[in-house]
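Each chain, written out:
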Amino acid sequence: MKYLTNCFRLLLIVPFLTLFFFKRGYHEPPQDLTANFVKNNLINGQQTAEEEETEETRSDAFSRKRIQHELDMLRNPVTGTIPANVHEMELKVASSIPSKIRSADLSHLRIFGAEELQNLNPYQSIGPNNIGGRSRTLAFDRRNVAIMLTGGVTGGIFRSSDAGVNWTFVSPENEIRSVTSIVQDPINANSWYCGTGEAYTPNSQQEIARPGTVGHGIFKSTDNGISWAKLTATADNDPNNFNGFFDLVHRMAVSPTNSNVFAAIHNRIVRSRDGGMSWQTVLVSGAANNSLTGMTEVLINPNGSKIFAAFSGANADRGVAGVWESATGDSASWRRIAGGLPGQPDSIAGWLPHTKYERIVLGLSPQNKLYVLYKNDKDASGTNPLPEADLFQCDISTNNPATYAWANLNAYVPNEPGGKIAGINPYTTQFSGFNMSIAVKPDNENILFIGGTSLWRVDLAQTNPASKFRRAGGYARGFIPNNFIYPNHHPDIHGIYFSPTNSNSMFTASDGGIHRTSNASLLEDTIRWTSLNNGLQTLQYEFINIFPETSFDFIIGGAQDNGTLANLNAPTFLDHAQLGGGDGASAAMSGFYKTGNTWKQYWYFSVINGYISRSDFTWLFDPATNNINLTSNTFTDISPTGMDTSGQYLTLFINDMDSTDHIYYNNRNKVFRTTRASTVTPTTWTELTGIAATVPAADDLTAMAVSKKTRGNKFLFFATDAGKVYRLNNPHNTAANTTPTTITPPTMTANSYVSGIGVNPRNPDTVMVVVSNYDAASGTVNNVFWSGNATTAAPTWQVIEGALGPLSAQSCAIVIKTSGVEYYVGTSVGLYSATTITGNTTAWVNEGNGMMKRAIVRSLVNRQLDNTLVVGTHGNGAFLSKIGSAVVLPPDLTTGVDVVRNDRNFIRTVFPTLATNNINFKTGSLVGITGINCRVMAVTGQLLYETNVSYTDGTIPLNQLPSGSYVLVITSSNNKYQSVTRFNKN
């Protein structure tokens, strides 16, 4: 308890740390960690321009790999496509599964349903509160700008009533959570609209219109954003085919003159005149398009006299590509003003031909200037890097589009002199305009803010290249060396917004949530940002893990475009330390290694494509101040030689909870082992060559789990994206060329993506395996499997999915309690549990409520020592539950796994060794020991007496034993330390 209190004091001194990787690469942080903690409460890593360019050159490819990874996880393995209307289907299924809640509302009537008897788990949000996930929209209440609405692309709708200082989750509990555009009705100001569905990139040439994050229509609020309901007319135009109508809502706008709602959806512009009850197409493409070539845009000027729309220049319909204007929005009133007729071939001088430009975004100034930014056919990387967008200005002050004056402003697309950095400078959007936004400063039409991977202030009054471009966010420049992350900001800018009441108050929506600056008028690149992510729980975890010992609830995990994050005091403390940017993957923490008053700990974390690193921290207890201080750290690349960029999209490794110095690292079909992770180098890993010789080279491992050691044996279970499951016996010491055993369930569909493996901590024969792929009309894809004899030569399996069958099962865990075994499955629409296995009739119940209830549960981990379950969601951060009722597992004395024996810091002394009625022991001062197991054994190994007690001095009674020789074995609760003493009884 003393140590825990001291750690809390440390956290008060050091609220969070931030050690950034560059975008998708690696940064070595400063060595003086303490000074940075105390002075700045964050740590900025440093990286050379050469290292930056090496990493960012591949950023577009990484992004495409992310999309392919999501497709592989979800596609039907037979058809290769994601089934139509799958989200509507799975939400309907989820609604039919009972929730694990207490029916207290009827208890006063003495009416109790089956739910009354459920054993409830108390789930608590553990943030992060200081780091957001990908956001694409922000809106202000015109009457009170302190009321703001935003959301995450997989996180749902959030509302703030205090100008973004705090946020509240307000999404409908049982609905999809893809938020892309939020707007307010200027006339009926209590009415708001929210569009869903994010266009990423086509997942395959065969799928003509599959976006990255499918939406499910438009939602409406009539109580000023407090509650929301889906508009029925937008729910699904064609349940049998994905046609993209309201599954991709790119932008929305509401007329200030008549409350007409316009939505730029896939391949068309639609309008509602009755508050969303019905919709009519007013402008449409006549060709089929994929999710990017069918992108559209809509914008209305402040007085409602002009409505602007845009269709991607890559749209297969030549007749619709470009920019359009209408005074009424009626279908016959639209006139194309750029990108085609009149004035062949493309109406505006310098405008690229059809198919040579792509996504278009629009901006308006109060002075009647329309700005058009489109993704061009250039590449900002390579030997001749060029800005990836063209910029045009149009004077719309007249009422005749034929007389509009256009200006080509390509010279003002950000292209800073003095250094080309692939992925940053010149202006970079990533694939097909994914990161692309523009806004005009309301009080100065010569100042534009243009967002891509970074944010720039562009001064149209300047002609000197050194003056007209100023880095304002994303990746820094100028007062931050080496083009590192801009302080308190985040790259990948999806939206730029000004406060309706203050032209110097600017906000951005990015892959890091919402940020604000109050000094947008500064003409030097010293804009200061404030993160507005407190309660905006939209982080997209890929993996999550927990400190292996029960002394602390340290949480660590990898997240999309936010690297690795750690919570050092869950659930009390909701801010997370950030150890890197880019796309984070597997992560783990070691236990503490104590020497005197010093504790050393190692953190292991990764980014995509195979990179893994180690950080070592030294925690020093100062008896004079009774505080714990973090004194030093180093970061080391420990990727096996040649593996740091050659792996599958999500780098996969696991640590052994029996001994956190044991790590199994995966790269494609290869597995590497180290039993000395704290000192391993790229050249000292051992490849388990028998695995690569068994698993086909085309198959990637997608899940791994290692059992606790029982009866002298351990087991490594692993599986692939080809629907194969394997087992390797005693992976910690078996010969490297040992052939693993194939144990694939016979009813598993070929090419299934195995997303999770759970092993019973008490009995490795009990194993659960889950598959994330969806069913299709052509057949069922079984997604939850269970075996009670998984360590045998030919295990038998049961399909236990029950009601979970149609869902995407993405993670799993097995929890043993004093009352029995519980099975947990994380899905695309929440977390579910079962207590009794009855084959395909296994009954599942929904865990949690509110924000967690329908979240995408991508990762689960349970610490068996105290049954602390950590839930990592892909869009709503992390949650923790103290399930409790943990079973004290007997120590396995056969060989142990790196057990430290007879350390006097654990048990100082055992006496007398010539005993009569009792034998006594005195404990040492180790950290993290919550209890001990004491066994008296015959010298032949027979157990004669056993007790579990707290970690304190104690006495073992011997009067029941006859005279003779015996052994006293005392084992720590974490099975890491053991005292073995031979004694004689008179």
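Bear in mind the structure is a predicted one, so any value in this text is a computation, not a measurement.

The rules behind each value
- Throughout this document, residue positions are counted from 1 along each chain, in the order its sequence is written.
- Note on the predicted model: pLDDT of at least 70 is required for a residue's local features to be given, and 80 or more for side-chain atom pairs to be given and counted; whole-chain, interface and lining totals, by contrast, use all residues.
- Excluding hydrogens and water, the side-chain figures rest on all heavy atoms present in the structure.
- Secondary structure follows DSSP: runs of H or I at least 4 residues long count as helices, runs of E at least 2 residues long count as strands, and numbering of each begins at the N terminus.
- Only protein chains enter the calculation, and the probe is 1.4 Å; a residue is then buried if its accessible area is under 20% of its type maximum, exposed if over 50%, and partly exposed in between.
- The contact criterion used throughout is that any non-hydrogen atoms of two residues lie within 4.5 Å.
- Using a 1.4 Å probe, accessible areas were evaluated by the Shrake-Rupley method; residue-level cover was limited to the displayed protein chains.
- Think of a polar contact as two N or O atoms within 3.5 Å of one another; within protein, one of them needs to be a possible hydrogen donor and the other a possible acceptor, and neighboring residues in sequence only count if both atoms come from side chains.
- Two strands are said to pair when DSSP picks up at least two bridges between them.
- For helices, the axis comes from a line fit to the C-alpha atoms of the stretch in contact; other axes are also lines fit to C-alpha atoms, and the angle between any two N-to-C directions lies between 0 and 180 degrees.
- Throughout, nonpolar core names a set of buried Ala, Val, Leu, Ile, Met, Phe, Trp, Tyr and Cys residues whose side chains join them through atoms within 4.5 Å.
- Note: the arc covers the axis-to-C-beta directions of the helix.
- Every residue is assigned a pLDDT by the predictor, reflecting its confidence on a scale from 0 to 100.
- Definition used for salt bridges: Asp or Glu carboxyl oxygen within 4 Å of a side-chain nitrogen of Lys or Arg.
- Stacked, tilted and edge-to-face pairs are distinguished by plane angle, under 30 degrees for stacked and over 60 for edge-to-face with tilted covering the rest, among Phe, Tyr and Trp rings (Trp via its six-membered ring) whose centres lie within 6.5 Å.
- Only lysine NZ and arginine CZ atoms are considered, and such an atom sits over a ring when it is within 6 Å of the ring centre and within 35 degrees of the ring normal.

K.L.:
Account for the overall build of the protein chain, with residues named and values stated.
P.N.:
When its secondary structure is counted, the protein chain shows seven helices and 66 strands. Scored against the burial criterion, the 986 residues of the protein chain give a buried share of 64%. Nonlocal contacts in the protein chain, meaning residues at least 24 apart in sequence, comprise 57% of its contacts between residues at least 6 apart. Carbon and sulfur atoms make up 51% of the accessible area of the protein chain, which amounts to about 32800 Å² in all.

K.L.:
I'd like a rundown of the environment of Val-270, residues and numbers included.
P.N.:
By the element assignment, Val-270 lies in strand β12 (residues 268-272). Separated by 18 residues in the primary sequence, Val-270 and Met-252 have C-alpha atoms spaced 9.7 Å apart. For Val-270, the residues in contact, after removing those within four places along its chain, are Phe-246, Val-261, Phe-262, Ala-263, Ile-265, Trp-279, Gln-280, Thr-281 and Val-282.

K.L.:
I'd like a rundown of the side chain of Asn-782, residues and numbers included.
P.N.:
If you trace the backbone, Asn-782 turns up in the loop between β48 (767-771) and β49 (784-787). Look at Asn-782 and you get buried, because its relative accessible area is 16%. Separated by 3.2 Å, the side chain of Asn-782 and the backbone oxygen of Thr-747 make a polar contact. Setting aside residues no more than four positions away along its own chain, Asn-782 makes contact with Thr-747, Thr-749, Val-771, Val-799 and Glu-801.

K.L.:
Go over the pairing of strand β55 (residues 857-863), please, and point to the residues and values.
P.N.:
Strand residues, when the strand is regular, have side chains that alternate between the two faces of the sheet. The element β55 is extensively covered by neighbouring structure, given that seven of its seven residues are classed as buried. When β55 meets strand β56 (residues 868-873), the two strands line up antiparallel, connected through six bridges. By the bridge assignment for β56, Ser-859 is matched with Gly-872. If you look at the hairpin formed by β55 and β56, you'll find four residues sitting between the two strands, and Asn-867 has a positive phi there, around 55°.

K.L.:
Residues and numbers for the sheet that holds strand β17 (residues 335-338), please.
P.N.:
In spatial order, the strands read β14-β15-β16-β17; together these four strands make up an open sheet with antiparallel pairing. Lying at the two open borders of the sheet, with one neighbouring strand each, are β14 (296-300) and β17. Strand-to-strand, the axes of this sheet are offset by a mean angle of 25°, without reference to chain direction. Bridge count between β14 and strand β15 (residues 307-311): five bridges; the pairing is antiparallel. In the sheet register, Glu-297 faces β15, and the bridge partner there is Ala-310.

K.L.:
Summarise the side chain of Lys-100; cite the residues concerned and give the values.
P.N.:
With respect to the element layout, Lys-100 can be found in the loop between α5 (86-96) and β1 (123-125). Here Glu-847 takes part through its side chain, which lies 2.9 Å from a polar atom of the side chain of Lys-100.

K.L.:
Go over the nonpolar core with me, naming the residues and quoting the values.
P.N.:
Core analysis: the biggest nonpolar cluster contains 33 residues, and Ile-182, Trp-228, Met-768 and Trp-844 have the highest contact counts within it. Counting residues in each nonpolar core, the second largest holds 25 residues, with Met-148, Leu-532, Ala-813 and Met-851 among its members.

K.L.:
Outline the pairing of strand β53 (residues 830-834), listing residues and values.
P.N.:
The buried fraction of β53 is high, at five of five residues. Neither face of β53 is open: one carries Gly-830, Tyr-832 and Ala-834, the other Leu-831 and Ser-833, and all of them are buried. Pairing geometry for strand β52 (residues 820-827) and β53, over five bridges, is antiparallel. Bridge pairing in β53 places Tyr-824 opposite Ser-833. Here β52 folds back onto β53 in antiparallel fashion, the turn holding two residues. Of the strand pairs in this sheet, β53 and strand β54 (residues 845-847) are connected by three bridges, and their pairing is antiparallel. Paired with Tyr-832 across the bridge in β54 is Asn-846.

K.L.:
Could you give me a rundown of α5, with the residues and numbers involved?
P.N.:
Among the residues making up α5, those that are buried are Val-86, His-87, Glu-90, Leu-91, Val-93 and Ala-94. Each buried residue of α5 sits inside an arc of 160° when the element is viewed along its axis, so together they form one side. With respect to the buried face of α5, the exposed residues turned more than 90 degrees away are Lys-92 and Ser-96. Taken together, the buried residues of α5 touch β53.

K.L.:
Any details on the confidence of the model for the protein chain? Residues and values, ideally.
P.N.:
Predicted confidence across the protein chain gives a mean pLDDT of 85, with 85% of residues reaching 70 or more. Scored below 50 in pLDDT, residues 103-117 shows ten contacts in the model against residues more than four places distant or in partner chains. Segment residues 202-211: pLDDT under 50, and 31 contacts once partners within four positions in sequence are set aside and those in other chains are kept.

K.L.:
Which residues make up the sheet that holds strand β57 (residues 878-882), and what values do they have?
P.N.:
With antiparallel pairing, four strands are arranged side by side in an open sheet as β1-β57-β56-β55. This sheet does not close on itself; its edge strands, each paired only once, are β1 and β55. Mean inter-strand twist for the sheet, computed between neighbouring axes without regard to direction, equals 20°.

K.L.:
Explain the pattern of salt bridges to me, and be specific about the residues and the numbers.
P.N.:
Applying the stated criterion across every chain yields a total of 28 salt bridges. For Asp-656, the salt bridge is made with Lys-714, and the minimal N-O distance between the two is 3.3 Å. Remark: Lys-714 occurs in the loop between β43 (701-706) and β44 (715-720) and Asp-656 occurs in strand β39 (residues 652-656); sequence separation between them is 58 residues. When sorted by exposure, Asp-656 lands in the same class as Lys-714, which is buried. Through salt bridges with shared partners, a single network forms among Asp-553, Arg-863, Asp-866 and Lys-882.

K.L.:
Break down unusual backbone geometry for me, with residues and values.
P.N.:
With omega at 5°, the peptide bond leading from Asn-425 into Pro-426 counts as cis. Within the fold, Pro-426 resides in the loop between β21 (405-408) and β22 (437-440). Between Ala-570 and Pro-571 the backbone carries a cis peptide bond, its omega angle lying at -5°. When you line up the elements, Pro-571 lands in the loop between β32 (563-567) and β33 (577-578). We note that Asn-224 has phi near 65°; this positive angle belongs to a residue other than glycine.

K.L.:
Describe the packing of aromatic side chains, naming the residues involved and giving the relevant values.
P.N.:
Applying the stated criterion to the full structure yields 26 aromatic pairs. Grouping aromatic residues by their ring pairs yields a cluster made of Trp-351, Tyr-357, Tyr-374, Phe-392 and Trp-406. Directly above the aromatic system of Tyr-412 lies the positively charged group of Lys-468, at a separation of 4.6 Å from the ring centroid.

K.L.:
Lay out the environment of Gly-80 in plain terms, naming residues and giving numbers.
P.N.:
Residue position: Gly-80 is located in the loop between α4 (59-74) and α5. Residues Gly-80 and Ala-776, spaced 696 residues apart in sequence, show a C-alpha to C-alpha distance of 9.8 Å.

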